Amino acid sequence: MTPSTYKLKHKIQGALRLGRALQLVWQSSPTWTIARILLLIVQSTLPLLSLYLMKVIVDAVSTAIAAANKQAAFQQIALLIVLTGTVNLIIALCSSIAELVNTTQAEIITDYMYGIVHAKAIEVDLEYYENSQYHDTLQRAQQEAYFRPTHILNSLLQLSENTISLVAITGLLLFFHWQVAAILFVATVPGLFVRLKYADQMYHWKRKRTATQRKAYYLDWMLTNSWHAKEIRLFNLGSLFSRRFRQLRKQLYQESLAISKRSTVTALVTQTSATIAVYGSYAIIAYQTVKGTFTLGDLIMYYQAFQRGQSALQGVLGSVAGLYEDNLFLSNVHEFLDLKPRIIEPLHPLPVPRLQHKGIQFQGVSFQYPTSDRQGLKDISLTIQPGEVVALVGENGAGKTTLIKLLCRLYDPTQGSITFEGYDLRCLATTDLRRQISVIFQDYAKYYLTAKENIWFGNIDLPPDDGLIQNAAYKAGADDVISSLPNSYETILGNWFEDGEELSIGQWQKIALARAFLRDAQILVLDEPTSALDAKAEEEVFQKFRQLIKNQAAILISHRLSTVKMADHIYLMEHGRIVENGTHEELMQLGGSYAHLFEIQAKNYR
Ligand SMILES: Nc1ncnc2c1ncn2[C@@H]1O[C@H](COP(=O)(O)OP(=O)(O)OP(=O)(O)O)[C@@H](O)[C@H]1O
């Protein structure tokens, strides 16, 4: 086998490896798929009947010209015309129904694919979202997932339809004139090569360009979203970003144009040779008819059969090339769907115990982010008991949030272990563990939904109207904010949607705090919970803090040392390590970094 034949065989095999795609189609819409197959059978056989009837009509007309009883001869022709018209009407009807079925099924498949992509996006760990390669993979999958399976189904049905027509027409042509059938094939094959080659080039280029394209999307997003709108105006960044966006788009467009140009030139050459071959065959058939080898009916049937044969063959080859291309691009979706969460769930998870004497223990925990070459946490050992308030303090980047991410099992430690009442976190089901932790990160989410839902999301096991929602709002000092809104708890927050009410940053923070308080968890983690609250609101939250947490274990992260003073135990972190720990008084007595920091902050208030 020559290398090029081998390549072609390989590509055709690639095109026909359709198992996963068809499984997706079938799972999403089995009834619609059956409907389309039935329509396909009708649509591919009826045109042949119509073709044959045409030949019979022309031959009947030829005979009728010489017939003695023209009236009787015409009656027979009229009957044939009615029959042909009816067949063509059915063809048109099927085509309209097919269009309806196709559009509906395409929508159903798209929705199904959305569901699958969303499920995977939820399933993968946070680690993926903190990794740029994942975002490339996700983007490629999103670009292809919603339409490729439908494309594959269409190409496959077209392939079947065209193959049926082609087999019948080729049989017909071979029977009459094998050379003409041979020309039909030879004229169409080069086009297939061009499409396969082009598909390969496009696929590889599109994979390579994902990062550039994401950069362009990012600039576009910055230019058009509300989060950046303020700074873009004040720092006059608009034209700079817009210029960068245009440069990236130009680069992408020029690369794609270069590939398209090459393929257009090649396609033109193959098209020209195909056209010469086709019209040459027409001349042969016309010559044979003039010589009397064929009847007039044969001539018309030939012309039509040749035309349809050629379009069927082009359709077959086009579908093969299309399937090859679709399969190539669908591999982007498979790549995404094949991602596996790296947090391994225990085979036989233990029930999450109640925190009693052992509490939560970090034992010699070290951790390095997979994308970083520095250790984020180094040899951390600490204990948190129920009813105890523990504070983590330290400069930016010291590792405080990272420690919380490990506690929530968003990552596993690289060394050491974290135990929950003596059980390693890796022995507990992550969903059960996370149900026991109520955490509000400093970059908490703002949901542009009702105020009530913003709080309810803290514990969706409760009914959406539960009275505890208002209770949580009260604890966080958010009740006043909410009652001043036009529709109270039913007011939509943010200004993305009609009738939405935008809140101040501190007000949003109170809502987030209420969400944390609603969760019926054993551990409460507040990462910079009051950084945007006014002094009075902060004072109120912390005054009733002990009451609020009851016998929950609480972890507070804060840069305001006046806030953490009330904690039972304070850990000062530096470069991923715990460098000092004790009560506020102990640390002040120690006269180390904590005491120094506290003095600096206190001086500013004097
Ligand atoms: N997803 C990540 N991938 C790689 N490195 C990270 C990631 N998140 C944080 N880091 C790094 O880990 C270190 C600790 O970050 P962390 O967010 O835990 O600090 P922090 O003490 O909470 O800081 P801050 O007070 O500013 O919130 C920093 O050096 C940071 O650059």
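Report on the accompanying structure. Everything quoted here is computed from the prediction, not taken from an experiment. (Residues numbered from 1 in each chain as written. Predicted model: local features only at pLDDT ≥ 70, side-chain atom pairs only at ≥ 80, totals over all residues.)

**Examining the overall build of the protein**
Point 1. A tally of helices and strands in the protein yields 22 helices and 10 strands.
Point 2. For 606 residues, the compact-globule estimate of 2.2 N^0.38 gives 25 Å, and the C-alpha radius of gyration of the protein, at 36 Å, exceeds that figure by more than 25%.
Point 3. Dimensions along the principal axes, computed over C-alpha positions, put the protein at roughly 125 × 55 × 55 Å.
Point 4. Looking at the protein as a whole, 32% of its 606 residues qualify as buried.
Point 5. Within the protein, contacts between residues separated by at least 24 positions form 77% of all contacts whose residues are at least 6 apart in sequence. (Helix = DSSP H or I, 4+ residues; strand = E, 2+ residues; numbered from the N terminus. Rg over C-alpha atoms; globule rule 2.2 N^0.38 Å. Buried ≥ 20, exposed ≤ 12 C-beta atoms within 10 Å, placed from the backbone. Contact = placed C-beta atoms within 7 Å.)

**Digging into the sheet that holds strand β3 (residues 389-394)**
Point 1. Strand order across the open sheet formed by 6 strands is β6-β7-β8-β3-β9-β10, with mixed pairing between neighbours. Each edge of the open sheet carries a strand with a single partner, namely β6 (437-440) and β10 (577-582). Sheet twist, expressed as the mean angle between neighbouring strand axes with direction ignored, is 15°.
Point 2. Sheet analysis places β6 next to strand β7 (residues 523-527), joined by 4 bridges and oriented parallel. Along β7, the bridge assignment pairs S438 with L524. (Pairing = 2+ DSSP bridges. Axes fitted to C-alpha atoms, helices over the stretch in contact; angles between N-to-C directions.)

**Brief notes about the pairing of strand β9 (residues 569-574)**
Point 1. As paired elements, β3 and β9 share 5 bridges and run parallel to each other. Opposite V393, over in β9, you have L572 as the bridge partner.
Point 2. Summarising the sheet, β9 and β10 pair through 5 bridges and their orientation is antiparallel. From the neighbouring strand, L572 faces β10, where its bridge partner is E580.

Note that all results are geometric; they support no functional claim without further evidence.
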